[in-house]
Amino acid sequence: MARVPCDIEDLSFPPGSELLRYDGGVLSVPSSPVVAVIRGDGIGPEVIGSAVKVIDEAVRIAYGGSRRIHWLELVAGRGAFEICGTPLPEVTVEAIRLVRAALKGPLETPVGGGYRSANVLLRQLLDLYANIRPVKWYGQPTPYMYPGKVDLVVFRENTEDLYAGIEWAFDSVEAEDFRRFLRERFGVRLAADTGVGVKPISRSATQRLARLALSWATRRSRRRVTIAHKGTVMKFTEGAFARWVYEIALNEFRDSIVLEREIESMEGVVPEGKVLVNDRLADNLLQQLILRPWDYDVIVCPNVLGDLVSEVAAALVGGVGIAPGINMGDGIAVAEPAHGSAPKHAGRNIANPTASILAGALLLRELLGWHEAADVIEKAVGEAISRGFVTYDIARYKGDATPLGTREYTERLVEIMRVTG
Ligand code: NAP
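Notes on the structure in this doc start here.

Some remarks on helix α8 (residues 282-291)
Of the residues making up α8, those classed as buried are A282, L285, Q288 and L289. When α8 is viewed along its axis, its buried side chains cluster within an angular range of 125 degrees and face the same direction. Its buried side turned inward, α8 meets β7 (151-157), β10 (224-229), β12 (275-281), β13 (298-301) and α9 (303-316).

Considerations on the pattern of salt bridges
Inspection of the entire model under this criterion finds 30 salt bridges. R208 is the partner of D127 in a salt bridge, and the nearest nitrogen-oxygen pair spans 2.8 Å. Here D127 is found in the loop between α4 (118-125) and β6 (130-136), whereas its partner R208 is found in helix α6 (residues 203-219), with 81 residues between them in sequence. With relative accessibility at 33%, the residue D127 sits in the partly exposed group. Across the pair K230 and D283 runs a salt bridge whose closest N-O atoms are separated by 2.8 Å. Residue K230 is found in the loop between β10 and α7 (235-252), and its partner D283 is found in helix α8; the two are separated by 53 residues along the sequence.

Concerning the state of the cysteines
All chains considered together, the criterion is met by one disulfide. What pairs with C6 in a disulfide is C84, and their sulfur atoms sit 1.9 Å apart. Negative torsions about the S-S bond denote left-handed disulfides, and the value of about -75 degrees found for C6 with C84 makes this one left-handed. With C6 in the segment before β1 (21-23) and C84 in helix α2 (residues 78-84), the pair connects residues that are 78 residues apart, well separated along the chain.

Remarks on the site of the ligand
Not every one of the 21 residues close to the ligand is listed here, only the nearest: N119, G340, A342, H345 and Y392. The backbone of S341 places a nitrogen or oxygen atom 2.9 Å from an oxygen atom of the ligand. One of the side-chain nitrogen or oxygen atoms of Y392 is found 2.4 Å away from an oxygen atom of the ligand. The fraction of the free accessible surface of the ligand (880 Å²) that becomes covered by protein chains is 68%.

Here's the deal with the packing of helix α1 (residues 44-63) against helix α11 (residues 371-386)
Contact geometry for α1 and α11: axes closest at 8 Å, N-to-C directions at 120 degrees. The angle between α1 and α11 falls in the class oblique. Pair α1 / α11 crosses with right-handed handedness. Together, V54, I55, A58, V59, I61, A62 and Y63 of α1 and H371, E372, A373, V376 and I377 of α11 make up the contact between the two elements. For the contact of α1 with α11, the per-class residue count stands at ten nonpolar, one polar and one charged.

Remarks on unusual backbone geometry
Peptide bonds are, in most cases, trans, and in most cases residues other than glycine have a negative phi. Not every positive phi belongs to a glycine, and A342 is a case in point at roughly 30 degrees. As for its position among the elements, A342 is in the loop between β15 (332-337) and α10 (354-368). Unlike most non-glycine residues, N349 shows phi in positive territory, near 55 degrees. Along the chain, N349 falls in the loop between β15 and α10.

Reading the values: rules and limits
- Residues numbered from 1 in each chain as written.
- Predicted model: local features only at pLDDT ≥ 70, side-chain atom pairs only at ≥ 80, totals over all residues.
- Heavy atoms only, no water.
- Buried < 20%, exposed > 50% of the residue type's maximum accessible area, 1.4 Å probe, protein only.
- Helix = DSSP H or I, 4+ residues; strand = E, 2+ residues; numbered from the N terminus.
- Arc of directions from axis to C-beta.
- Contact = heavy atoms within 4.5 Å.
- Salt bridge = Lys/Arg side-chain N within 4 Å of Asp/Glu carboxyl O.
- Disulfide = S-S within 2.5 Å.
- Near = heavy atom within 4 Å.
- Polar contact = N/O pair within 3.5 Å; in protein donor to acceptor, adjacent residues only side chain to side chain.
- Areas by Shrake-Rupley, 256 points an atom, 1.4 Å probe, with all protein chains shown as cover.
- Axes fitted to C-alpha atoms, helices over the stretch in contact; angles between N-to-C directions.
- Parallel < 35°, antiparallel > 145°, perpendicular 65-115°, else oblique.
- Left-handed = near helix turned anticlockwise from the far one by under 90°.
- Nonpolar A, V, L, I, M, F, W, Y, C, P; charged D, E, K, R; others polar.

Shown next, in the form of structure tokens:
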């Protein structure tokens, strides 16, 4: 691995590489872009190492050498803490801001203390306001009955809500001040040993997410956009979230969408070429996702609920070992596997790199617009699984498969791409 920069002065770009440019809302993608890579903690270096190999090969197969990614190694998480003394060096943030594209492995976050989550910080500092998680079935075994009927994309708000990190320990001065403020100003009494978290949800953050999701859904000819929320209980946060998404749908996408109440008189039939926009309460949505996944297509969620919805959806098609995600801002993105650093499997050559590989495909498709290379990868993943080339996590549900190591699985995938790509 190349020497990683801890300070801005250590930053240099690979020779022959070019930067993505974002001007006036338009992203220009050169043929030899720099893409940042953060290998991450635990199994991260193994799964991201595999993804880099597969992505390079897919780009070569799809474009025959006329396009190429130059990888820029950066660090974050526990690895960065050990090497640079901070979980998120300033140079890592600034370099991603400059190159605008990154593939990131899982980062370890200490529970209940230590340093703040580098993942959350990175999303906030780079204003990666949408977490997009496509969930579809590639043929992997799952105890679920209808995995083939799952093909949905979760758009999750990424900067606000309870995960924004505004919280104070029960015995902190801040929590005591906050409790006093609530008591004196609003007559709200909390027990003296109450920890406090704040759930901010703004109109502006909600509406830029809504704009991205609706424009994506209409461009990609998706069938429906469902707003997930628990607005019956949290009226002015999640309830407002739903109202604000509807506002964007009606004000900016009126010609492309239709509301559920508008098709009641048409026996629920959505007119040709229109995207249905509806909303569902969280509890109902989570059970319907399992019972009738085919009723869901694009789901727009506030942050915390989005976490739950995307994990449940991923479980339907076989779990997080294979689920990718991409954190997007305007003309900038960080793609990552949905799973964590699985420390007990680190360095054992057994981890499933598919989520990281598919995260790479997402970056190629959603940011660079290199759909052909993304197609090569996705096709090969389906083919590998159907031929029984799988890692331990999938093999344990697939009676006839011998588990492959991370490296061996990667080699099989590359061979398949060379034949089918
Ligand atoms: P985890 O790392 O996702 O691992 C939980 C279990 O999921 C593993 O023990 C393993 O199950 C399975 N698994 C996850 N990834 C896999 C892969 N690629 N291949 C095969 N199996 C896989 O969750 P965690 O143990 O809760 O979290 C560990 C650390 O990761 C924490 O520090 C957490 O903060 C961090 N984390 C980071 C991110 C991120 O960077 N975006 C996300 C989530 C968690 P079996 O052992 O049953 O096979």
